[in-house]
Amino acid sequence: MLEPVDFGAAAGAPSAVMRRWQGNGIYFGGDYNPEQWPEETWSEDVELMRRAGVNLVSVGIFSWALLEPAPGRFEFGWLDRVLDLLHDGGIQVDLATATASPPPWLARAHPEMLPRRADGAILWPGGRQAYCPSSPVFRERSLELVRAVAGRYAEHPAVVMWHVSNELGCHNAHCYCDVSAEAFRGWLRERYGDLDRLNDAWGTAFWSQHYGDWAEINPPRTVTAFANPTQQLDFLRFSSDELRAQLRAEREVLKTLVRQPITTNFMIGMGVKHMDYQSWADDVDLVSNDHYLTAADPQAHLGLSFAADHTRGVAGGDPWLLMEHSTSAVQWQPRNVAKLPGQLRRNSLAHVARGADGVLFFQWRASRAGAEKFHSALVPHAGPDTKVFREVCQLGADLKALAEIRGSRVDADVAILFDWEAWWAVELDSHPSVDITYADRVNALYGALWRAGVTADIVHPSADLSGYRLVLAPTLFLVRDADADALRRFVEAGGTAAVTYFSGIVDPDDHIRLGGYPGAFRDLLGVRTEEFFPLREGERVRLDDGSTADVWTEWLHADDAEVLASYTDGPLPGVPALTRRPVGAGAAWYVGTRLDEPATDRLVARLLDEAGVRPAAPAPTGVEVVRRRDGERSWLFAINHTDAEVRLPAHGDELLTGARCAGELTLPAGEVAVVREDRT
Ligand code: GLA
């Protein structure tokens, strides 16, 4: 039985909330959808949850149609019984506001609330999230539901957390209907104040696009030629803000009724581009995230680590909650590869290593009907006598053994700068090469750090950089003056920074920074590029340090920087490709081409060396090492993704097996260890 949770008078900053978690372990559980099952199943559910060590379940996420089967008629009886049963079993609840997907009756009464695509097509009910984020009808009805649910369960002893909606914007991030158009105009008025300023920002002197009246402006609907890029960028900003407004509106209502912390599940790290989660972080009491492996990627565990490190970055370094991942296969990828024995444990504990103070899954019991019936769960169709359920029970025991790490923070000397606005802007159309994507260099640099055993925080360019030794700025195409300036100050104060090509190019209006690329970083780097020379598909170039590269070259002058490597062939033989400029007590490196993986690894090794950054522990390639720390205490996580037993230096007590490490840790293939390190 868990200790009762005392959340105090009001939820506060994320760390405060996670620290106030008074349970006897790390959160462990998942989405629980009892409404899909007859009531007889529910007591077996609770019994199995207890057996597995589950202590937190998310309830009611898609329950609107059952909780309010007709306008204003609420049926809470079944939910009362579920919550009481869970409470009696010692299972705590993250209760959903249930607004994730509106019931069919609402769309029937108000078809104007359905979302429209850029070509005007309506997205009908029958899937989920069929609502326009700007719809006043949806807003009003959803808030009424929040009032009803929160009013009824605010004091329920099982409820320890509130879960606003679900993956806001997963399917309806952009709506182009007339209601959205009007809301977009309102948002633009707020941003620009007057039309002159908007015309200037959007560069409407071009192609006869000048606006004389707000009513002439629309979302970037399907157009004849390339749509105005700043209009597109502003629509992306607006759309993220509209979804955020739903989060804020639900939170406002909750705040008047409940005392427990409030969260909503983000989708950081899976290529989900549309929500600027960094800007949403202030609207939750604790950051929670959903992550699913990309089955087609043999290095999917790198993607997982990146997602976790980025979630921690969004959370400002505080502990966070993994709201969803999968015990095995999902059902929404083209080939839904199942997890091999041991993979579930490696995946879940990698999130914990990187700052998660809880690991939850989608979902408790595998559905027998509906679009997700082939999605794995904690209890599979075959029941508890299965590999999956046995591994779930093992994980429950592991998490109990790791209870003491709760609230600790992750050590990182390196930061990678990441900005959703830069992502949006760099991937707009009409650019020099379609081969430049935001994820490409971010992942390349992250992968090199991962292989070197070095943990990185993925942070917004406006984050405080003073605690880092090395800062990487991959493809930071759009950058604010203040953020470029902060990078300069970081270097002057002794830091090492590396900027990759197509960075610093535009300001927040998507206007080119004149005088030579990479505009905002030109002075810091001591280089000036006069022309881009993107490469043809498949074309490769060589550098005089033996590296090869593709996709991108540029006519660069190293006016005030040391040249570390130049092209030997391609369109620009003899032109610098890699430079370094000592600045103050630090140095600023520029990478003007897309280095291949071995060259990126060598570059990162040099940067780490110069910055004096070492791995969490010396470990063979394929062994993930991360350190969490709390004041004087520290824990070394080691996750062996290889097929061979490995040894690494460690002094302390291994928490999962209880073994003592007197100088060396032996880690069998596929295994995980967490060593509470001796204090030296
Ligand atoms: C998301 C949703 C869940 C479920 C899972 C399936 O994370 O939040 O409701 O659809 O995907 O992977």
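What counts and how
- Residues numbered from 1 in each chain as written.
- Predicted model: local features only at pLDDT ≥ 70, side-chain atom pairs only at ≥ 80, totals over all residues.
- Heavy atoms only, no water.
- UniProt positions renumbered as here; feature names shortened; annotations may be inferred.
- Helix = DSSP H or I, 4+ residues; strand = E, 2+ residues; numbered from the N terminus.
- Buried < 20%, exposed > 50% of the residue type's maximum accessible area, 1.4 Å probe, protein only.
- Contact = heavy atoms within 4.5 Å.
- Areas by Shrake-Rupley, 256 points an atom, 1.4 Å probe, with all protein chains shown as cover.
- Lys, Arg positive; Asp, Glu negative; His and termini not counted.
- Charge placed at Lys NZ, Arg CZ, Asp CG, Glu CD.
- Disulfide = S-S within 2.5 Å.
- Near = heavy atom within 4 Å.
- Polar contact = N/O pair within 3.5 Å; in protein donor to acceptor, adjacent residues only side chain to side chain.
- Domains from an automatic or database assignment.
- Pairing = 2+ DSSP bridges.
- Axes fitted to C-alpha atoms, helices over the stretch in contact; angles between N-to-C directions.
- Core = buried A, V, L, I, M, F, W, Y, C linked by side-chain atoms within 4.5 Å.
- Phe/Tyr/Trp six-rings, centres within 6.5 Å; stacked < 30°, edge-to-face > 60°.
- Lys NZ or Arg CZ within 6 Å of the ring centre and 35° of its normal.
- Parallel < 35°, antiparallel > 145°, perpendicular 65-115°, else oblique.
- Expected span 1.5 Å × (residues − 1).
- Salt bridge = Lys/Arg side-chain N within 4 Å of Asp/Glu carboxyl O.
- Left-handed = near helix turned anticlockwise from the far one by under 90°.

You'll find the protein entered in an unreviewed UniProt entry as Beta-galactosidase, with Micromonospora lupini str. Lupac 08 given as the organism. Under Catalytic activity (unreviewed entry), UniProt gives the following word-for-word description of the protein: "Hydrolysis of terminal non-reducing beta-D-galactose residues in beta-D-galactosides."

Peer 1: Got a sec to walk through the overall build of the protein? Specific residues and values, please.
Peer 2: Regarding its fold elements, the protein presents 18 helices and 27 strands. Principal axes of the C-alpha set define a box for the protein whose edges measure 75 × 75 × 45 Å. By the burial criterion, 60% of the 680 residues in the protein qualify as buried. Long-range contacts, defined here as pairs at least 24 residues apart, represent 71% of the contacts in the protein between residues at least 6 apart. Per element, the accessible surface of the protein, about 26,000 Å² overall, is 50% carbon and sulfur. Taking the average place of the 66 positive charges on the side chains of the protein and the average place of its 95 negative ones, the gap between the two points comes to 3 Å.

Peer 1: With reference to specific residues and values, describe the state of the cysteines.
Peer 2: Such a bond, covalent and formed between the sulfur atoms of two cysteines, is termed a disulfide. Overall, the coordinates contain zero disulfides when judged by the stated rule. C177 takes part in no disulfide bond, and the closest cysteine sulfur to it belongs to C175, at a distance of 3.5 Å.

Peer 1: Lay out the site of the ligand in plain terms, naming residues and giving numbers.
Peer 2: F62, R128, N166, E167, D290, Y292, E324, W332, F362, E372 and H375 make up every residue found near the ligand. One of the side-chain nitrogen or oxygen atoms of H375 is found 2.7 Å away from an oxygen atom of the ligand.

Peer 1: Explain the domain arrangement of the protein to me, and be specific about the residues and the numbers.
Peer 2: Domain parsing of the protein yields domain 1 (21-174 + 242-407), domain 2 (178-231), domain 3 (414-611) and domain 4 (623-677). Computed from C-alpha atoms alone, the centre-to-centre distance between domain 2 and domain 4 is 56 Å.

Peer 1: So what's going on with the sheet that holds strand β5 (residues 262-263)? Which residues, and what values?
Peer 2: Strand pairs in the sheet, formed through backbone hydrogen bonds, run parallel or antiparallel to each other. An order of β5-β4-β3-β2-β1-β9-β8-β7-β6 is seen for the nine strands of this open sheet, with the pairing classed as parallel. Two strands lie at the open edges of the sheet, namely β5 and β6 (265-266), each paired on one side alone. Looking at chain direction, strand β8 (residues 320-324) and strand β9 (residues 356-361) are connected through two bridges and run parallel. If you follow L322 over to β9, its bridge partner there is V359. Along the sheet, helix α6 (residues 136-153) contacts β3 (92-96) and β4 (159-163); its crossing angle with β4, the most-contacted strand, is approximately 170°. Relative to β8, helix α11 (residues 300-314) is tilted by about 130°, and along the sheet it contacts β6, β7 (288-290) and β8.

Peer 1: Which residues make up the UniProt feature "binding site: substrate" (unreviewed entry) in the protein, and what values go with them?
Peer 2: Sites flagged by UniProt as "binding site: substrate" (unreviewed entry) map to R128, N166 and W332. Structurally, N166 is set in the loop between β4 and α7 (178-192). In this structure N166 comes out as buried when scored by relative accessible area, which is 4%. Leaving out residues up to four positions away in the same chain, N166 has contacts with I61, F62, A100, R128, Q129, N265 and E324. Mapped onto the fold, W332 is located in the loop between β8 and α12 (343-353). For W332, a relative accessible area of 44% gives the class partly exposed. The contact partners of W332, leaving out residues within four places of it in the chain, are Y292 and H375.

Peer 1: Any chance you could break down the nonpolar core for me, citing the residues and the numbers?
Peer 2: Counting 178 residues, the largest nonpolar core has V59, L86, L95, W162 and L487 as its most contacted members. For this core, the element with the most residues is α6, which contributes eight residues.

Peer 1: Give me the packing of aromatic side chains: which residues, what numbers.
Peer 2: Any pair of aromatic rings gets described here by the distance separating the centres and the angle formed by the planes. Applying the stated criterion to the full structure yields 33 aromatic pairs. Relative to F361, the ring of F28 lies with its centre 6.5 Å away and its plane at 75°, an arrangement referred to as edge-to-face. Of this pair, F28 sits in strand β1 (residues 27-32) while F361 is found in strand β9, placing the two residues 333 residues apart along the sequence. For F361, a relative accessible area of 0% corresponds to the buried category. Linked through ring pairs, F266, Y277, W280, F306, F418, W420, W423, Y438 and Y446 together constitute an aromatic cluster. Over the ring of W37 we find R365, and its NZ or CZ is 5.6 Å from the ring centre.

Peer 1: A description of the pairing of β4 should follow, citing residues and the corresponding values.
Peer 2: Taken residue by residue, a regular strand's side chains alternate between the two faces of the sheet. For β4, the tally of buried residues reaches five of five residues, placing the bulk of the element in the interior. Of the strand pairs in this sheet, β3 and β4 are connected by four bridges, and their pairing is parallel. In the sheet register, L95 faces β4, and the bridge partner there is W162. Judged from the two bridges that link them, β4 and β5 form a sheet pairing that is parallel. What sits directly across from W162, in β5, is I262.

Peer 1: Run through the packing of helix α2 (residues 40-52) against helix α13 (residues 387-401), naming residues and quoting values.
Peer 2: Contact geometry of α2 with α13 gives a least axis separation of 8 Å together with a crossing angle of 55°. Considering the angle they form, α2 stands oblique to α13. Judged by residue contacts, L48, R51 and A52 of α2 engage F389, V392, C393 and G396 from α13.

Peer 1: Describe the side chain of R365, listing the residues and the values that go with them.
Peer 2: Tracing the sequence through the fold places R365 in the loop between β9 and α13. If we ignore the near neighbours within four places in the chain, the residues touching R365 are W37, T41, E44, D45, L48, A377 and V379.

Peer 1: How would you summarise helix α4 (residues 77-88) if you had to cite specific residues and measurements?
Peer 2: With 12 residues, α4 extends 17 Å from end C-alpha to end C-alpha; this agrees with the ideal 16 Å at 1.5 Å per step. Buried within α4 we find W78, L79, D80, V82, L83 and L86. One or two positions beyond α4, positive phi appears at G90, with a value near 80°.

Peer 1: Explain the sheet that holds strand β16 (residues 540-542) to me, using residue names and the numbers behind them.
Peer 2: Read from one edge to the other, the open sheet built from three strands follows the order β16-β17-β22, with strand pairing classed as antiparallel. Unpaired on one side and paired on the other, β16 and β22 (594-595) mark the two borders of the sheet.

Peer 1: Give a detailed account of the pattern of salt bridges, specifying residues and quantitative values.
Peer 2: Applying the stated criterion to the full structure yields 56 salt bridges. A salt bridge links D440 to R594, with the shortest nitrogen-to-oxygen separation between them at 2.9 Å. Of the two residues, D440 is situated in helix α15 (residues 438-451) and R594 in strand β22; the sequence distance between them amounts to 154 residues. The structure contains a network of salt bridges with shared partners spanning R191, D234, R237, D419, E421, R480 and D483.

Peer 1: Pulling in residues and values, what's your account of the packing of α6 against helix α9 (residues 229-257)?
Peer 2: When two helices pack together, their arrangement is given by the angle between their axes and by how far apart the axes lie. For the pair α6 and α9, interaxial distance at closest approach is 9 Å and the crossing angle is 30°. As far as their axial angle goes, α9 and α6 are roughly parallel. Where α6 crosses over α9, the handedness of that crossing is right-handed. Judged by residue contacts, F138, R139, S142, L143, V146, R147, A150 and G151 of α6 engage E242, A245, Q246, A249, E250, V253, L254 and L257 from α9.

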